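# Inside the fold
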Amino acid sequence: MVRRYLELLFLLAMLLIIPQSIMAAISTTQTVTYEIQAINEIGVSGDPGALIINSATSGGAPVPVSDNTTTYSITTNQPGATITGAIDTAMPANTTLTITLAAPTGGTSAGAQALSTTAATLATCVAAVSESGLTITYQFSATSAAGVIESAQKTVTLTVVP
Amino acid sequence: MKKNSLYLSAIFLLSAIFLIFILPTLASASDITSTGDWTGLIITSGNLSAGIGSPLTATYESTATQITLDITNTLGNPYDVLIKRTDTNWHTAVILSARRTDVGIGPGTVSGGLAYQAIDTVDAVFFSGTNDNSTIHVQLQLTDVTVQIPPDIYSTTITFTVTP
């Protein structure tokens, strides 16, 4: 009797185990993984022309000069990224160099910002964007107290900050 | 006598279960195995399509032999290979597609699947065949990659299923 029960149990176990081992591998899997890294790139089309103040209104301050011949391009995949700008050395006393960046699509411009050695926020990219040909406007102004200033160069650095 | 009758009935019942439900399945069970994950793609600023201010290159392909499939134990019968994906971390704007790039090696015939088809999250027929074949190659493609896709590591699992 016990032997017969054991035989039945053995047969039942084989019916459960053998099919599983023979029926393996009707499906198979492979993994796909890719990475997108943070992308924050900005470039400019070139240098503006020389900004030369050489006139003044009668009895007034020297007349500021502007240049809007250059543009910037930007690609960022990080919404909310800001564009900052700074110059390498301070402007001469009683002079100001301002910069205005056109807003990227969907973003905002901070308007004319005086440039100094401390980075100032110039524009904000609300959404991820890839765009080129955005206008940069430089303005150079001086007070009468500035006097005569010899020609000099400043390096403006624009940075995308995520 | 009664106990002997119960024992014989149990043997008959288990044998019937085997013959009716299990044996047909064993006879028709084709097997599929695979190798080849696609895990080395890293998209950076170097993938801008035309420099700063331009969008990302939208399309990326694996090698033509990225995945290798072996179909065995068909006993000469026809089969379909189904394909689907199960996402771990995936951006739905990016499309993952697959195509078969050759017929493999063996006595079998293979048809379909030569054009890229988007891999959905539910099974769809990828290609069909008859009889065993091994080393059937599959190529993968990512499309619609843009800067709107946030920086991250994205992953999914492709499942190939062979059905009689």
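The model shown is predicted, which means the values in this text are computed figures rather than measured ones. (Residues numbered from 1 in each chain as written. Chains lettered and ligands numbered in written order. Predicted model: local features only at pLDDT ≥ 70, side-chain atom pairs only at ≥ 80, totals over all residues. Heavy atoms only, no water.)

### A closer look at the overall build of chain B
- Looking only at helices and strands, one finds one helix and 11 strands in chain B.
- Taken from N to C terminus, the helices and strands of chain B fall in the order α-β-β-β-β-β-β-β-β-β-β-β.
- Taken against the 2.2 N^0.38 rule, which gives 15 Å for 164 residues, the C-alpha radius of gyration of chain B at 23 Å runs more than 25% over that of a compact globule.
- Principal-axis analysis of the C-alpha atoms gives chain B an extent of 90 × 35 × 20 Å.
- For chain B, the proportion of its 164 residues judged to be buried stands at 38%. (Helix = DSSP H or I, 4+ residues; strand = E, 2+ residues; numbered from the N terminus. Rg over C-alpha atoms; globule rule 2.2 N^0.38 Å. Buried < 20%, exposed > 50% of the residue type's maximum accessible area, 1.4 Å probe, protein only.)

### Here we look at the interface of chain B and chain A
- Taken together, the contact pairs 56 residues of chain B with 40 residues of chain A.
- Of the roughly 4,200 Å² buried between chain B and chain A on both sides combined, carbon and sulfur atoms contribute 63%.
- Sorting the residues of chain B by area buried against chain A places Tyr7(B), Leu14(B) and Ile52(B) first, and these three jointly supply 15% of that buried surface.
- The tally of links from chain B across to chain A stands at zero salt bridges.
- On inspection of chain B and its partner chain A, the count reaches 25 residue pairs in polar contact (both at pLDDT 80 or more). (Contact = heavy atoms within 4.5 Å. Buried area = accessible area lost by both parts, 1.4 Å probe. Salt bridge = Lys/Arg side-chain N within 4 Å of Asp/Glu carboxyl O. Polar contact = N/O pair within 3.5 Å; in protein donor to acceptor, adjacent residues only side chain to side chain.)

### Describing the pattern of salt bridges
Residue and element names in this part refer to chain B.
- Following the criterion strictly, the structure yields two salt bridges over all chains and no others.
- For aspartate 87, the salt bridge identified is with arginine 85, shortest N-O distance 2.7 Å.
- The exposure class of arginine 85 is buried, given its relative accessible area of 12%.

### Considerations on the layout of surface pockets
All names here are of chain A.
- The space that makes up the largest pocket amounts to roughly 1,000 Å³.
- In terms of lining, the largest pocket is formed by 32 residues, of which the most central are Ala50, Leu51, Ala152, Gln153 and Lys154.
- Counting only elements with at least two residues in the lining of the largest pocket, the list comes to strand 5 (95-101), strand 9 (129-142) and strand 10 (156-161).
- The class makeup of the residues in the lining of the largest pocket is 19 nonpolar, 10 polar and three charged. (1 Å grid on protein atoms, 1.4 Å probe; cavity = no way out; pocket = protein on both sides within 12 Å on 5 of 7 lines; lining within 4 Å. Points joined across faces, edges and corners; volume = space filled by probe spheres on them. Nonpolar A, V, L, I, M, F, W, Y, C, P; charged D, E, K, R; others polar.)

### Description of the sheet that holds strand 6 (residues 108-109) of chain A
Residue and element names in this part refer to chain A.
- Read from one edge of the open sheet, four strands run 6-8-4-10, paired in antiparallel fashion. The sheet is open, and its two borders are formed by strand 6 and strand 10, each paired with just one other strand.
- Bridging between strand 4 (residues 82-87) and strand 10 involves six bridges; their strand directions are antiparallel. Opposite isoleucine 83, over in strand 10, you have valine 160 as the bridge partner. (Pairing = 2+ DSSP bridges.)

### What to know about the sheet that holds strand 1 (residues 27-36) of chain A
- The mixed open sheet is built from six strands, whose spatial order is 2(B)-1(A)-11(B)-5(B)-9(B)-7(B). Edge positions in the sheet fall to strand 2 (38-43) and strand 7 (109-111) of chain B, since each has one partner strand and no second. Ignoring which end each strand starts from, the neighbouring axes of this sheet average 25 degrees apart.
- Relative to strand 9 (residues 124-130) of chain B, strand 7 of chain B runs antiparallel, the two being bridged by three bridges. Pairing of Ser111(B) across the sheet is with Ser128(B), part of strand 9 of chain B. (Axes fitted to C-alpha atoms, helices over the stretch in contact; angles between N-to-C directions.)

### With respect to the nonpolar core
- Ranked by internal contacts, the top residues of the largest apolar core, which has 37 residues, are Tyr34(A), Leu96(B), Leu140(B), Leu142(B), Ile158(B) and Phe160(B).
- Among the elements of the structure, strand 1 of chain A together with strand 2, strand 4 (67-72), strand 5 (78-89), strand 6 (95-100), strand 9, strand 10 (133-143) and strand 11 (152-163) of chain B are those that each provide at least two residues to this core.
- Excluding residues within four positions of it along the chain, Ile158(B) makes contact with Thr28(A), Thr29(A), Gln30(A), Val32(A), Ile67(B), Ile83(B), Lys84(B), Arg85(B), Leu96(B), Ile119(B) and Leu140(B).
- Leu122(A), Ala123(A), Tyr138(A) and Leu158(A) belong to the second largest nonpolar core, which has 23 residues in total. (Core = buried A, V, L, I, M, F, W, Y, C linked by side-chain atoms within 4.5 Å.)

### Re the pairing of strand 10 of chain B
Residue and element names in this part refer to chain B.
- With nine of 11 residues buried, strand 10 lies mostly within the body of the structure.
- Here strand 3 (residues 60-61) pairs with strand 10 via two bridges, running antiparallel. Residue pairing across strands places glutamate 61 opposite glutamine 141, the latter belonging to strand 10.
- Two strands pair when backbone bridges link them, and strand 4 and strand 10 are joined in this way by four bridges, in the antiparallel orientation. Paired with isoleucine 67 across the bridge in strand 10 is valine 138.

### Topic: the environment of Asp88(A)
All names here are of chain A.
- Along the chain, the position of aspartate 88 falls in the loop between strand 4 and strand 5.
- For the pair aspartate 88 and glutamine 153, spaced 65 residues apart in sequence, the C-alpha to C-alpha distance is 9.6 Å.
- There is a polar contact of 3.1 Å between the side chain of aspartate 88 and the backbone nitrogen of threonine 155.

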